[in-house]
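Structural description and commentary
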Amino acid sequence: MGENGAGKTTLMNILYGLYKPDEGRIFVRGHEVRIRGPRDAMKLGIGMVHQHFKLVPTLTVAENVALGLEETGFFLPTKKIEKAIEEAARRYGLDIDPDAKIWQLSVGERQRVEILKALMRDARVLILDEPTTVLTPGEKEELFRILRKLADEGRGIVFITHKLDEVFRIADRVTVLRKGRVVASGVPTSETTPRELAKLMVGREVGYKLAKRPKEPGEVVLKVEDLFAMDDRGTMVVKGVSFEVRRGEVFGIAGVAGNGQKELVEAIVGLRKPEKGRVVIDSHDVTGRSPAEVLGLGVAFIPEDRARYGIVPDLSVAENLVLKAYRYPPFSKGMFLDVDYIRKWSEELVAEYRITTPSIDTPAGSLSGGNIQRLILARELSTTPRLIIASHPTYGLDVAATEQVRALLLKHRDEGAGVLLISEDLDELLELSDRIAVMRDGRIVGIMDASEADVEEIGVLMSGAS
Amino acid sequence: MFLPITVRVEKRLEIPPWLRLAVPVCSFLVALALASAVFAFQGLNPLAIYGTTFSRIIGTRIGLSFLVVKAIPLLLCAVGLVMAFRAQVWNIGAEGQLLLGAVAAAGLALFVMPEAPSAVLIPAMFLAGFLAGAAWALVPAVLKAKLNVNEVITTLMMNYIAAKLVEYLIYGPWRGKATWGFPFTDLIPGNAVLPTVPGTGIHYPTLMLALLSSGAVFVLMEKTKLGYEVKVFGGNPELAKAVGMRPAKIIIACMLVSGGLAGLAGVGELAGVHKRLMYPESISAGYGYTAIIVAWLARLNPLACVLTALLMGGLLAAGETMRTSFSIPYASVNVFNGLILLCVVAGEVMLRYKVKLVVRRSVGHEA
Amino acid sequence: MRPEVISSVLQIAIRTGTPLLLGAIGEIYAERSGVMNLGIEGIMAVGAVVGVAVSLATGDVWLSFLLACIAGVVMALVHAFASVSLYANQVVSGLALAMLGLGLSSLMGRSYVGKPLPHTILPRPVPLLADIPVIGPALFYQDVLVYAALALAFVSWLVLFKTRWGIMIRAVGEDPSAADAMGVNVYLVRYACVAFGGAMAGLAGAYLSLVLRPGWTEGMTAGRGWIAFALVIFAFWDPLKAIIGAYLFGAMETLQFFLQVPLGISAPLLGMLPYVATILAMLFAVSETLRKHIGAPAALGKPYIREEKVI
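Remember, it's a predicted structure, so these values are computed and weren't measured experimentally.

**As for the sheet that holds strand S5 (residues 156-160) of chain A**
Residues and elements named next belong to chain A. Strand order in the open sheet formed by 3 strands is S3-S4-S5, with parallel pairing between adjacent strands. Across the chains shown, the open sheet's two edge strands, defined by having one partner strand only, are strand S3 (46-49) and S5. Going across the sheet, the axis of each strand differs from the next one's by a mean of 15°, ignoring polarity. By the bridge criterion, 4 bridges tie S3 to strand S4 (residues 125-129) in an arrangement that is parallel. Each residue of the ladder has a partner; that of Val-49, found in S4, is Leu-128. Sheet strands in contact with helix H5 (residues 107-120) are S3 and S4, and its direction is about 170° off that of S3.

Here it is, written out as structure tokens:
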């Protein structure tokens, strides 16, 4: 276990042959080995379930399992696989339809396909990278049951997580990583305590919380009424969502990814046409308006998919910073840009937001993940927005960047902005939000005050268990 | 046994300035070397060919003027392509757009206003040529902007259609009376012919227009909102949409500018070089395609296109010399074209990535 | 039109469509693996000239086809090297290859212009079947390569959708990082598919210069490579659907000769027909793509870079 950015995923990717180590040695069953690629890892009996699943969405379950598997026949390779899948399904309770296309499956089902893939290659060691972040509490129990069964069969399981309760729930022994170093190695979980592990993990006493001033709610800045929206495949995934965000509050939306949050956000900012319902920002009805009109009202948008909606990798830091402001004076006059002003202003932002970059002319794509997120925040927040829409704003960031992002969101809340925060990370939601809504299957299934909310209740609402 | 060395590819944080120049230059030289090998393999002495063509082109006033004449349409087409390519709009249709410019100019000079004085007729021809080229580009532009139809295919097809249109005109309704049976139109009236620098074939009004448009596109790309939008759209179309840019506007603007500039090149070829409409392959010696290389060799910088247009103009002129002096088919010049473009585009990797050899300190056994 | 005319239009349409079919099958493989190769126009030209050269030198028509194929592979490997190994822009690299191919063919072909070939492959009737009215001669009075191309289309469909290789190819074109994680050699698959595409384009060119229009003339490919490229989209990356598309385009090209006299339209105007039809076909393909939610392979045109993280 270890915090975000502690190097857990990098380490596992080395074991799986995706990254090459600079130095050091790897032993499998007592023999030193060199792993040059996933194929070598598989031959050594190492299987991996990545945090972002490595599945081809347009292929079927059976085809994904057959991919790269040498034991299948040349013709109709899926015939044999289908039988094997059914057998594994019986043995481990991994229920799955071999003919379904991956894109049709839920997240939990996709994870089962990943586990199946590893089992079909007779993985003796199974590495799972943060496998529970995407699961509902119910699916989580199911996963633990399957893992227990695999371990009982004599397979080794490496379970990567940053959640203490999961370590004590499932692990026999635990190794803690901090900033790329091992700070505790193979300690039996029976001989340690959650408090001790937490201290090892972060290097300081836990219980630290961002100082959050009591909320002073102002007038309504965002009003969503009975909103309906479809996904790219034409299925209705937002089904009548209504809520309000006031100035000076953080309104969090919890939910397992794929329950319509992405489409909801896109429908609000104008990237997706709503089928029905209304979106009102301040007193302007912006339903079905273009992103330019919505963002022009003082809306900051911190997108979920940073590579896709966050930056233009080939353009410079300065050109990326001015992406929202370029339309207006003093950044441009008439049809011309004020290049000198833009440069001066960019230098200031780089300093203010502590963006680490060789210069403002460096291509933004060559920055690290944390600095890319700082660049996006600088761009979005420098214009003192009235409404901030943040999707998974700290996902994949290191500790320092995460804290900076959270502090910035709270700062703007205190200065009177309304914040709509979409996250899968319940700790983050509880820490930042004033009110939390839970979204499931395209609907808001509950809204509660963060001070009164507890994780259990949110979990139940997220999973739909009664 | 494997060597204890790992090849590591890293993204460059910054491109050293000398490398920006060195990579295209080296690419060009490598291409030249490869082309020599091809010629030698074909039983031709590359050194003899290079020597003769070089001295005939660079060494004589006629040769030099010929080079500039070839560079004019290349520069006009390339500068427009720079803008389109920056937006990742793959206009491969400059060839057809150029032909349409020539058709418009011919129509105006022969049938619409042959009596008009030069001061009116020549600007009118350039205007008509720009509009005709832009209109020809508008078809793929709208199909791409509204329906997302692959513009590479549509612009290519429009090239073939344009060539057939020119053939139709010269064999049919526009066929001239005084052409000794050749499928040409009549010569355009004298007042429609572009003036040239004395003693050369350089039709300077088109040259001025070409240089002007190179500067104009530079300003457009670096100093205006539209240019900025073009770059953002080319780099990340999803994000461009998310911040409220209108892709249709950007695509159509790029196609209209590049089509229009190619149209101007067509006017120059008609009124400055051939003075009549004739076979499409005579009107344009593949300028629309060669311009792609001019643009790419200039690393999509409109000012640098002036240099690369002269370079490629020299190459096309060399192609003519090879045909007359060594009876090598003119299309063989495409060997150079293709190799240069390949080397340049392959050389880009040196600009974007650093290739490092890392020595491993500990080596395990093979898996 | 009289039945004999319809029959001969069909017969010629299928022959004319055969190089398009061959080119399209190859390009389907390249694109399914994620590499767009705009160079097939140039590869076809090289295939055509190599076919003629070998035929004139050796008189062995099958050897001519074989060497044209190999020449196609060599050409395609240049594109594979640039776009797969050097992450070059596939549009530009493909165009460069097209230019190179057209240039090379013109240079190599300069001594073959107008020379008659020692032999060619003639259509032969299939006994009995060729006597069926109208469709008999169209379908069963063809040369052996027409049948070979059909068989190739079927086999390549089978490989793509019913075999281990097919899964690998489609996975690499849809999500190379997922394929990589499963131990598939993304680069090898892409190289192989592009090379196969080159072989098919070379074969298509040789069919053009050895069978369809025997002899070498400069520019004889006349945009057929581009049309084959367009056909891939029209066929939704499916070799079986490419058969229909190819013959349809063959018909367009054939019709211009049959319609010229009865309709009194000039040759250049009718000559626009295949190109206009290509644009219309693209429109059709786009509307079908939207309706059926089938698109290009997701990773098409994107180089795969397995990056090392800097820690």
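Further notes follow.
**Overview of the packing of aromatic side chains**
Across all of its chains, the model carries 21 aromatic pairs over all chains by this definition. Between Phe-111 of chain B and Trp-174 of chain B, the aromatic rings sit 5.0 Å apart at their centres with planes inclined by 50°, giving tilted as the arrangement. Highlighted residues: Phe-111 of chain B in helix H4 (residues 94-112) and Trp-174 of chain B in the loop between helix H6 (151-171) and helix H7 (204-223), separated in sequence by 63 residues. Centroid distance Phe-182 of chain B to Phe-184 of chain B: 5.3 Å. Interplanar angle 15°. Geometry classified as stacked. Overall, Phe-182 of chain B belongs to the partly exposed group, its relative accessible area being 42%. An aromatic cluster of three or more residues is present, and its members are Phe-331, Tyr-341 and Trp-345 of chain A.

**Some remarks on the side chain of Ser-106 of chain C**
Looking at where Ser-106 of chain C falls in the secondary structure, it is placed in helix H4 (residues 90-109). At 3.2 Å, the side chain of Ser-106 of chain C and the backbone nitrogen of Ser-332 of chain B are in polar contact. Setting aside chain neighbours within four positions, we find Ser-106 of chain C in contact with Pro-329, Ala-331 and Ser-332 of chain B together with Trp-216 and Glu-218 of chain C.

**Some thoughts on a nonpolar patch on the surface**
Residues and elements named next belong to chain C. Together, Ile-6, Leu-10, Leu-129, Ile-132, Ile-135 and Leu-139 give the surface a local cluster of nonpolar side chains, amounting to about 440 Å² of exposed area. At the level of elements, helix H1 (3-32) and helix H5 (135-140) are the ones that each hand at least two residues to the nonpolar patch. With respect to the helices and strands, Leu-139 occurs in helix H5.

Calculation rules
- Residues numbered from 1 in each chain as written.
- Chains lettered and ligands numbered in written order.
- Predicted model: local features only at pLDDT ≥ 70, side-chain atom pairs only at ≥ 80, totals over all residues.
- Heavy atoms only, no water.
- Pairing = 2+ DSSP bridges.
- Helix = DSSP H or I, 4+ residues; strand = E, 2+ residues; numbered from the N terminus.
- Axes fitted to C-alpha atoms, helices over the stretch in contact; angles between N-to-C directions.
- Contact = heavy atoms within 4.5 Å.
- Phe/Tyr/Trp six-rings, centres within 6.5 Å; stacked < 30°, edge-to-face > 60°.
- Buried < 20%, exposed > 50% of the residue type's maximum accessible area, 1.4 Å probe, protein only.
- Polar contact = N/O pair within 3.5 Å; in protein donor to acceptor, adjacent residues only side chain to side chain.
- Patch = residues over 30% accessible without salt bridge, like charges linked within 9 Å, V, L, I, M, F, W, Y side chains within 5 Å.
- Areas by Shrake-Rupley, 256 points an atom, 1.4 Å probe, with all protein chains shown as cover.
- Salt bridge = Lys/Arg side-chain N within 4 Å of Asp/Glu carboxyl O.

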